[in-house]
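Per-entry structural report
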Amino acid sequence: MAAARRLKRVAISQPGFLTLNPKVTPTDLVSSRRKRVNKNKKKNWNKYSDVQDVEEFLEDVRHQERTTGGLLSEKSDDSLFFLDVGQPKKVEEKEAAEPVKGKKRKGKSSRPLRIDLILKHDSLVAPPKDVLAYQKPNAKKLRRTAERAEKLAAKGVVPRSKKRLLNRTVVDRTSKKTETEANNNPERDFYDIWGQETKDLGEPWYLQQTRKKLVKRPEKLNEKPSVLPAVEVIAPGGSYNPDFFSHQELLREAHEVELKKKKVEDKLERQLAYNKADTATEETILREQVEGLVEESEEEEEKDAPKEDGEEVAVGAIAVADKKTERQRKREKAEKIKEQQRLTERRQTEQQQQLFQLRSIKTSIKQQEETTQIRQKRRKAKEEAQKAQPRRLGKLKFQPQDMEVQLSDELAGSLRQLKPEGSVLMDRFKSLQKRNLIEPRERAKFKRRLKVKYVEKRAFKEIS
């Protein structure tokens, strides 16, 4: 508000300022005085704030800018006034009546439509500059890239992209195209219209860049992650009316599975078990608390007792090594040289002795090759066996599904009396985990982030 009022006063103080509003005069704007009120209170801001004169002044300035393109005080006389020299000479009626061929007659048709005049932009204020029209995304990065390319080109370094284009094999465009054979030629090759194979007539690099040539599929993706079938057939003893022996065999397998689970549980209980005789009592607790108090007092008394002079000298003494003489150093050097010569001679003799051990060396090499072959066979057999087993794909280990077994007294005589066992959805889910298609998972546990606050309402409190 203060800035607008200051602008108004500065503009009015200029000698050449003109106003287009007859109601507002410079003397009225300067001589108008406001009632002095307390503006510290917010309720008086809008009540005693009169900005009508400022708005009229700003509207007058905007009107001058729209009509003349700026303030009238800043315009020159030539732009505001013109010299009236009367009507121009009229064209002869004969020339006006007989227009030249090829030119359109000037008249009402040449005048613009009223709707065009209404929609025409009549303001002389220049539109604001669109800054976004001059901006480019990543302009700074592109400029640096262009500068770096110019520096490399000056040094004679070719970029990698251009080097790949230069290394391409040039296709001979001048060679004649192969003529297509006639359809009625009985000697032409058979062509399968439903076949998936297509002939690559273009350059391999061009086909790869234009994505007309498919990427070669890795051979590893063609291998199945497991050799197990998608649907495993249950044993004969699992049918609704099984044979007695097949049903007993299935019960035996289920019994072995339960025995393994029982052994694991018993082993865990044995590891976590403790001897009740080793539990702490009041006497043992008191003994542990008093432990070491008497010995510490005796050690403190021994420390306080005076030490003998001999001990002090022994503690403070420093062992000084005797310095070797020149003769001793020469003797040690000669012994080192003799030891190296002895080792060299021994190595040579061993190499000569190996010539007489060729037969035994061949035998040992043959034994090593046999053991290596045996290990390779075992490793391959182990790999083949692991293909039928679920791998460790995540942090959890695969847990097989419980066997669906019915006891002898639970068998049904017909399909009408048969009760469903297990779940088809869980069976498919475990099959995907077993075939290494998905990792073993657990059901996500719901964790409440915010604590629940229990509030006893007033109505319930009155009843209770």
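Structure: above.
What counts, and at which threshold
Residues numbered from 1 in each chain as written. Predicted model: local features only at pLDDT ≥ 70, side-chain atom pairs only at ≥ 80, totals over all residues. Heavy atoms only, no water. Salt bridge = Lys/Arg side-chain N within 4 Å of Asp/Glu carboxyl O. Buried < 20%, exposed > 50% of the residue type's maximum accessible area, 1.4 Å probe, protein only. Helix = DSSP H or I, 4+ residues; strand = E, 2+ residues; numbered from the N terminus. 1 Å grid on protein atoms, 1.4 Å probe; cavity = no way out; pocket = protein on both sides within 12 Å on 5 of 7 lines; lining within 4 Å. Points joined across faces, edges and corners; volume = space filled by probe spheres on them. Nonpolar A, V, L, I, M, F, W, Y, C, P; charged D, E, K, R; others polar. Phe/Tyr/Trp six-rings, centres within 6.5 Å; stacked < 30°, edge-to-face > 60°. Lys NZ or Arg CZ within 6 Å of the ring centre and 35° of its normal.

As for the pattern of salt bridges
Using the criterion set out here, one finds 15 salt bridges in the structure. Between glutamate 59 and arginine 66 there is a salt bridge, with its nearest N and O atoms 3.6 Å apart. For glutamate 59, a relative accessible area of 37% gives the class partly exposed. Ionic pairing is found between lysine 434 and glutamate 232, a salt bridge with its closest N-O pair at 3.5 Å. Taken together, the positions of lysine 434 in helix 17 (residues 424-434) and glutamate 232 in the loop between helix 10 (204-209) and helix 11 (244-272) put the pair 202 residues apart, joining distant regions of the chain.

Remarks on the layout of surface pockets
Space inside the largest pocket adds up to approximately 1,200 Å³. In terms of lining residues, the largest pocket is bounded by 36 residues, among which Glu232, Gln401, Asp402, Met403 and Glu404 are the most central. Elements represented by at least two residues in the lining of the largest pocket include exactly helix 11 and helix 17. Residues belonging to the lining of the largest pocket are distributed by class as follows: 18 nonpolar, six polar and 12 charged.

Thoughts on the packing of aromatic side chains
Taken as a whole, this structure holds one aromatic pair when the rule is applied. Centroid distance phenylalanine 244 to phenylalanine 245: 5.5 Å. Interplanar angle 80°. Geometry classified as edge-to-face. The pair phenylalanine 244 / phenylalanine 245 is uniform in exposure class, with both members exposed. Here the basic side chain of lysine 129 rests over the ring of tyrosine 134, its NZ or CZ set 4.9 Å away from the ring centre.

With respect to unusual backbone geometry
Even without a glycine there, the phi angle at asparagine 138 is positive, about 60°. Tracing the sequence through the fold places asparagine 138 in the loop between helix 7 (114-119) and helix 8 (139-155). Given the relative accessible area of 55%, asparagine 138 is considered exposed. The backbone phi angle of asparagine 436 is positive, close to 65°, even though this residue is not glycine. If you trace the backbone, asparagine 436 turns up in the loop between helix 17 and helix 18 (458-463).

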